[in-house]
Amino acid sequence: MIPGDGIGPELAEATRRVLDASGIEFEWETVDAGEAVIAEYGTPLPEHVLESIRRNKVALKGPITTPVGEGFRSVNVTLRQTLGLYANVRPARSIQGLETRYDDVDLVIVRENTEDLYAGIEHMVGPDAAESIKIITRYASERIARYAFEYAVANDRQKVTAVHKANIMKLSDGLFLESCRTVAADYDGRVEFEDRIVDNMCMQLVQKPDLYDVLVLPNLYGDIVSDLCAGLVGGLGVAPGANIGTEAAVFEPVHGSAPKYAGQDKANPTALILSGALMLRHLGHPDAAERVERALRAVIAKGETLTYDLGGSAGTRAFADAVIERLRNVDDAVAAASAPAVSG
Ligand code: NAD
């Protein structure tokens, strides 16, 4: 567990309590990264944090602040690149009871996580101009496309849409699109494939999200479009994510550290709890994941214990308490239903 900065520690505490009530016995190893450790280690991402993730092969991570424009490189980007967490998977699914424009959104964003403009290669050209280098490789593009198609097959999804701007960036985005097409040919007849230009895609998602299923995107478009999709289903407070690699996986919400709400017991832990449910599935506990998701959805549908962003006034802790109570009640109901009837 990496609690993170800002609202991270309180969300991590709430999430840990919910996951501990899921019926799975966790042995948590908590390590700190972010602003709080810079003074002690001279870096926001000390080596022992990376070592812990490599050893455990799985981590649940709160948000970490990245100062804009100067200072340390993003811990989040460094983590993904150092550990080779090449696939950023961000599901966006409507939750009953939340007032949003649509009530049947069910999208999965598969974002390439290691290159594109996030490679961090920038320089000044004289004092008044700056260049950022956008890196797109066939290797990483085919790898993420294959991940998206395999995800579609494993999760009974019908269609993969590749999102790009190949009409303008003919070489870089052109290569991404070509790579997606190459991989799509291997799934012909099993998973439908199409592509969209990113600006049109944004409009289509706002107007007709039901036309789409799994989206595969290069890093930057994936980041932006996943916030758009979070907005379709209730906002950043409810949008989970997974960073998957071959050696490790790090589960974290789409949202950041929301410093203005830090320490106020206000922020919504749903996104981190749902990230925990994604982790449970990854660890081979789909039943426990399902229980957590159901309990959380039931609390939101009931509408009595909601955090501020969902229109309520409950705190982080009270929301987690309600989810835990629901988990326990459902478990009790299942136990009662399956207990042998007492006769005579
Ligand atoms: P943010 O996601 O932290 O917050 C934007 C707004 O969304 C907040 O002001 C709040 O209104 C709302 N919000 C976000 N999470 C919420 C929650 N759990 N419950 C209720 N409301 C919530 O985005 P930002 O302000 O642009 O970024 C703050 C910091 O977080 C920056 O330093 C940024 O670099 C960092 N960040 C980190 C990650 C990560 O750790 N993966 C992701 C995005 C941003």
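What you are looking at is a predicted structure, and each value in this text was computed from that prediction instead of being measured. (Residues numbered from 1 in each chain as written. Predicted model: local features only at pLDDT ≥ 70, side-chain atom pairs only at ≥ 80, totals over all residues. Heavy atoms only, no water.)

Student: Explanation requested: the overall build of the chain in the structure shown.
Tutor: Each helix and strand in the chain was counted, giving 11 helices and 10 strands. Against the globule reference of 20 Å for 344 residues, the chain gives a C-alpha radius of gyration of 21 Å, in line with a compact fold. Counting only C-alpha atoms, the chain reaches 85 × 55 × 40 Å along its principal axes. Of the contacts formed within the chain by residues at least 6 apart in sequence, a portion of 72% connects residues at least 24 apart. If you sum the accessible surface of the chain, you get close to 16300 Å²; carbon and sulfur atoms cover 50% of it. A gap of 3 Å separates the mean positions of the 34 positive and 50 negative side-chain charges of the chain. (Helix = DSSP H or I, 4+ residues; strand = E, 2+ residues; numbered from the N terminus. Rg over C-alpha atoms; globule rule 2.2 N^0.38 Å. Contact = heavy atoms within 4.5 Å. Areas by Shrake-Rupley, 256 points an atom, 1.4 Å probe, with all protein chains shown as cover. Lys, Arg positive; Asp, Glu negative; His and termini not counted. Charge placed at Lys NZ, Arg CZ, Asp CG, Glu CD.)

Student: Is there a simple way to explain the site of the ligand in this structure?
Tutor: As a matter of local geometry, the ligand sits amid 23 residues, with I64, T66, G256, A258 and Y308 nearest to it. Contacts to the ligand include N76, whose side-chain N or O atom sits 3.0 Å from an oxygen atom. Contacts to the ligand include N268, whose backbone N or O atom sits 2.9 Å from a nitrogen atom. Contact with the protein chains hides 70% of the accessible area of the ligand, taken as 810 Å² for the molecule alone. Here the residues of the shell around the ligand sort into 10 nonpolar, 8 polar and 5 charged. (Near = heavy atom within 4 Å. Polar contact = N/O pair within 3.5 Å; in protein donor to acceptor, adjacent residues only side chain to side chain. Nonpolar A, V, L, I, M, F, W, Y, C, P; charged D, E, K, R; others polar.)

Student: Explain the nonpolar core here, please?
Tutor: One recurring pattern in soluble globular proteins is that nonpolar side chains are buried together. Judged by nonpolar contacts, the single largest core of 84 residues is most densely connected at Y147, L215, V216 and F251. For F251, the residues in contact, after removing those within four places along its chain, are V58, A59, L60, K61, G241, A242, I244, S275, L278, M279 and H282. Residues V49, L50, I53 and I64 belong to the second largest nonpolar core, which totals 15 residues. (Core = buried A, V, L, I, M, F, W, Y, C linked by side-chain atoms within 4.5 Å. Buried < 20%, exposed > 50% of the residue type's maximum accessible area, 1.4 Å probe, protein only.)

Student: Looking at this structure, I do not really get the environment of V299. What am I missing?
Tutor: Along the chain, V299 turns up in helix α10 (residues 286-302). Between the C-alpha atoms of V299 and A230, which are 69 residues apart in sequence, the distance is 19 Å. Residue contacts for V299: discarding those within four places in its chain leaves E304, T305, L306, F319, A322, V323 and R326.

Student: Hey, could you run me through the state of the cysteines in this one?
Tutor: Such a bond, covalent and formed between the sulfur atoms of two cysteines, is termed a disulfide. Per the stated rule, a full pass over the model turns up 0 disulfides. For C180, which is in no disulfide, the shortest distance to another cysteine sulfur is to C229 and amounts to 17 Å. With relative accessibility at 0%, the residue C180 sits in the buried group. (Disulfide = S-S within 2.5 Å.)

Student: Would you take a moment to explain helix α8 (residues 219-232) for this structure?
Tutor: The first and last C-alpha atoms of α8 sit 20 Å apart over 14 residues, in line with the 20 Å expected at 1.5 Å per residue. Within the span of α8, buried status applies to N219, Y221, G222, V225, S226, C229, A230 and L232. Mapping the buried residues of α8 onto a view down its axis gives an arc of 165 degrees, with all of them on the same face. For α8, the elements touching its buried residues are β2 (87-93), β3 (106-112), β6 (159-164), α6 (172-185), α7 (198-207) and β8 (214-217). Among the residues trailing α8, G234 stands out with phi positive, at a value near 130 degrees. (Expected span 1.5 Å × (residues − 1). Arc of directions from axis to C-beta.)

Student: What exactly am I supposed to notice about the sheet that holds β2 here?
Tutor: For sheets, the rule is that strands pair by backbone hydrogen bonds, running either parallel or antiparallel. Strand order in the open sheet formed by 8 strands is β1-β10-β9-β2-β3-β8-β6-β7, with mixed pairing between adjacent strands. Taken across any chain shown, the strands that pair with only one partner, and hence form the sheet edges, are β1 (58-60) and β7 (192-197). Taken pair by pair, the neighbouring strands of this sheet meet at an average axis angle of 20 degrees, ignoring direction. Pairing of β1 with strand β10 (residues 249-251), which is carried by 3 bridges, proceeds in the parallel orientation. When the bridges of β10 are listed, V58 appears paired with A249. (Pairing = 2+ DSSP bridges. Axes fitted to C-alpha atoms, helices over the stretch in contact; angles between N-to-C directions.)

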